[in-house]
Structure formats: C-alpha cells, structure tokens
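Fold and contact review
For reference, the chains in residue letters:
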Amino acid sequence: MAEAAITVEGARKKYGGKGGAHALDGLDLRVGRGTVHGVLGPNGAGKTTLVRILSTLLRPDAGRIEVAGHDVVTQAYAVRLRIGLLGQHAALDEELGGRENLELFGRLHHLGARTARARAGELLERFDLAGTGRRPVRAYSGGMRRRLDLAASLITEPEVLFLDEPTTGLDPRGRSEVWAAVRSLVGGGTTVLLATQHLEEADQLADRISVVDAGRVIADGTADELKAATGADRIDVVLRDAGQLGAAVALLPMTAVSVDPDRRLLSAPVADRMAALSGVVQALQEAGIEAEDVALRRPTLDEVFLHLTGEDHRVKESA
C-alpha cells in the first residue's frame, strides 16, 4: 500500500458525557497518499465526527491520529497548513462573484493580494469557471457552486482534502461535474478522504472504501473486494409480463430467488455464471415465458450495505 497520508488508530469520541453515545468507538483507518479513500456509512455512523477530528475542528477523546505526518492534537497548526475541507454546505458569499470569493479565501489564509488574485485565476480556470468569475454566486447552478466551493478548499494547495458529502442535493449533472473535479485533483497528487452515504459516489471515485457503522470500521477494501466478500454473483431476469413471475420462479434451476413485482424482476445468486445463464434462457424459452432482459452481475454496494449492516440505506439522503 502507498505511504500513509492519514493514520487513525483507536479513535474514540463520545458525546453527552457519562452515559452518552460513542460517535467513534475505537475506529482504525489508514489512507494511502495520492488516493481517494471512501468512508461509507449511514447517518449517525461517525463519518462527520471523523472528518471534524481529522481536520482539527474537534478533539478526540482517545487514539493516535495523524494527517500528513502530524498529530491532529499536538500539531494541529501544522495539520491545518496541509489540509483542505469541503463540508456538506457551501461556505460562499452569495453576493460576491466567484473570483471575489476565492480572493477572499486567499486573504483569510494570509496570502498576499497579488498571490490571492493569481491563485483565484488558476482555480477558476482549473474548475471551468473562468467565464463566471464575476457573476454573483447566487446565480450559479448547484454544480457550479460545489465546484467553486471545492476550488475554495484548494486555495492553499493542500496535501490532503476532506470531502464530507460533497454532492448532497446535486442533480446527476452537478454530481458528475464534482466527480470529474475530484479525479483531476487526485491525478495531480492530492489525497482525498471522501465521507459519503451515496453508494454510487464511492463506487465511482474511491480506490479503497472503509464501511463505518456505530463508530467502527466494519469492512475495508476495494469496491470489487467488498462486493466479492458479500457473496456470489447474481443473475437478474426482467420479464415482459409480471403475471408470469410465479411460473418463472417455479421452473428456474436456482434457489433463493428474490422477486420484485414492481420491476418484473427475478434475482438469484449463482455459482457457475455461464451455466446459470444458459439454463435460465433455455428454461424460459421452453416454457414460453418472454424475458425483456437477462443479465449477470456482481453484488452492488447497496447489497454490501445490506449484508454488513443489516439495514437498507439505499434510499436515505443526508440531512
């Protein structure tokens, strides 16, 4: 694995004093330099608490926690010089233009006026916002706002960037714009910690994923490793006529078949992919049952969540 940009060993944080709840309960994490590491979990899992501790906004109760080689408690100032943070909500002045916002952030980070102006211009170009630099932020689309917010978090060229639910509230186009920007950053050597509960986002961006629940990492690996550990490949069959679902289940050469009547879908785990595919197609044809689609697939991250946490987080959105 690459040299660590983030090391967390036994991190603990409790809210509410004696008898309160643990937001982090002995969490361990290692993030390689120049990678995107996803921290995936539902609301209340501890993701935001972890990001706040890593970015020195919150002190842990216990644990060894280092970012870019510096302790977040005893060397907090050194950590702050090396990080950027994009939270769930934009920290922009709505009445100022994009360039003015970036120059303001530069001055707040003690850059000289000339340096702040030059850095703002570089970032506007980098995030394809050069033509909107003087338009008030209130006139920006959701995707443009998040790209500008991301640009603001990079005003000091951080080694490590923390993204906490970076695409909350964005439509698919805005989400894709932010994803492209994140990929560009990592290509330039930035380390990104991505805290999210959007499963597709983690699947698209993360080199590795840590699944967090109840303040602990309960699984860690690449998306493919997590999917493989969840169980066998599956075969999905979409029928043309939902009324034939029962008949199809009775004749298919598989066990543990799940049925989704609204989608006219049958799904089942398979051991031998090609044998299952040919067997299903043949059985349906011989019975005169018409299928619109038959597909083999790996388990999804949705199913990884269901398997690991025992809860369905697929439709939850962040508050």
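Preceding block: the structure.
Per chain, residue numbering runs from 1 following the sequence as it is written. A pLDDT threshold of at least 70 governs which residues receive local features in this predicted model, and a stricter bar of 80 or more applies before side-chain atom pairs are shown or counted, although totals over entire chains, interfaces and linings include all residues. Calculated side-chain values reflect all of the structure's heavy atoms, with hydrogen atoms and water omitted.

With that settled, the discussion passes to the overall build of the chain. A tally of regular secondary structure across the chain gives 11 helices and 14 strands. Expressed as lengths along the three principal axes of its C-alpha atoms, the size of the chain is roughly 75 × 50 × 35 Å. In this description, contact between two residues means that some pair of their heavy atoms is separated by no more than 4.5 Å. For the chain, long-range pairs separated by at least 24 residues make up 69% of all intrachain contacts whose partners lie at least 6 apart in sequence. With 39 positive and 45 negative side-chain charges, the chain shows a separation of 7 Å between the mean positions of the two kinds. Numbering goes from the N terminus for both helices and strands, where a helix is a DSSP run of H or I of at least four residues and a strand is a run of E of at least two. Charge counting follows a simple rule: Lys and Arg are positive, Asp and Glu are negative, and His as well as the terminal groups are ignored. A single reference atom marks each charge: NZ on Lys, CZ on Arg, CG on Asp, CD on Glu.

This part covers helix H4 (residues 113-126). Compared with an ideal rise of 1.5 Å per residue, which puts 14 residues at 20 Å, H4 spans 20 Å between its outermost C-alpha atoms and is within 8% of the ideal. Categorising residues by exposure relies on relative accessible area from a 1.4 Å probe, with only protein chains included: less than 20% of the type maximum marks a residue as buried, more than 50% marks it as exposed, and the intermediate range marks it as partly exposed. All buried positions along H4 are accounted for by Ala116, Arg119, Ala120, Gly121, Leu123 and Leu124. Elements in contact with the buried residues of H4: helix H3 (98-108) and helix H5 (142-153). Helix span, expected: 1.5 Å multiplied by one less than the number of residues in the helix.

The next thing to look at is the nonpolar core. If you look at the biggest cluster of nonpolar residues, it comprises 43 residues, and the most contacted ones within it are Leu102, Phe127, Leu150 and Ile209. A per-element tally of this core places helix H6 (residues 172-187) first, with six residues. Residues contacting Phe127, with those up to four places away along its chain left out, are Arg147, Leu150, Ala151, Leu154, Ala181 and Leu185. Think of a nonpolar core as a cluster: buried Ala, Val, Leu, Ile, Met, Phe, Trp, Tyr and Cys residues, connected wherever their side-chain atoms sit within 4.5 Å.

Whether two strands pair comes down to DSSP finding at least two bridges between them. Pairing in this open sheet of six strands is mixed, and the strands run E6-E7-E8-E3-E9-E10 from one edge to the other. Unpaired on one side and paired on the other, strand E6 (83-86) and strand E10 (216-221) mark the two borders of the sheet. Ignoring which end each strand starts from, the neighbouring axes of this sheet average 20° apart. Both E6 and strand E7 (residues 160-164) contribute to a ladder of four bridges, which runs parallel. From the neighbouring strand, Leu86 faces E7, where its bridge partner is Leu163. Under this scheme, a helix contributes an axis fitted over its contacting stretch, all axes are lines through C-alpha atoms, and angles between N-to-C directions fall in the 0 to 180 degree range. Across the sheet, helix H1 (residues 47-54) lies against strand E3 (36-40), E6, E7 and strand E8 (191-196), angled at about 150° from E8, the strand it touches most.

Attention shifts here to the sheet that holds strand E13 (residues 265-270). In spatial order, the strands read E12-E13-E11-E14; together these four strands make up an open sheet with antiparallel pairing. A single partner strand is all that each edge strand has here, and the edge strands are strand E12 (258-260) and strand E14 (291-297). Within this sheet the neighbouring strands show an average axis-to-axis angle of 15°, counted without direction. By the bridge criterion, six bridges tie strand E11 (residues 233-239) to E14 in an arrangement that is antiparallel. If you follow Arg234 over to E14, its bridge partner there is Arg297.

Once that is clear, we can look at the packing of H3 against H4. Where H3 contacts H4, the two axes come as close as 8 Å, and the packing angle between them is 135°. Classified by the angle their axes make, H3 and H4 are oblique. Where H3 crosses over H4, the two elements pack in a sense that is right-handed. The residues of H4 that touch H3, namely those facing Gly98, Arg99, Leu102, Glu103, Gly106 and Arg107, are Ala113, Ala116, Arg117, Ala120, Gly121, Leu123 and Leu124. When an angle is under 35 degrees it counts as roughly parallel; over 145 it counts as roughly antiparallel; between 65 and 115 it counts as roughly perpendicular; any other value is oblique. Crossing chirality is assigned from the near helix's rotation relative to the far helix, an anticlockwise turn below a right angle marking it left-handed and a clockwise turn marking it right-handed.

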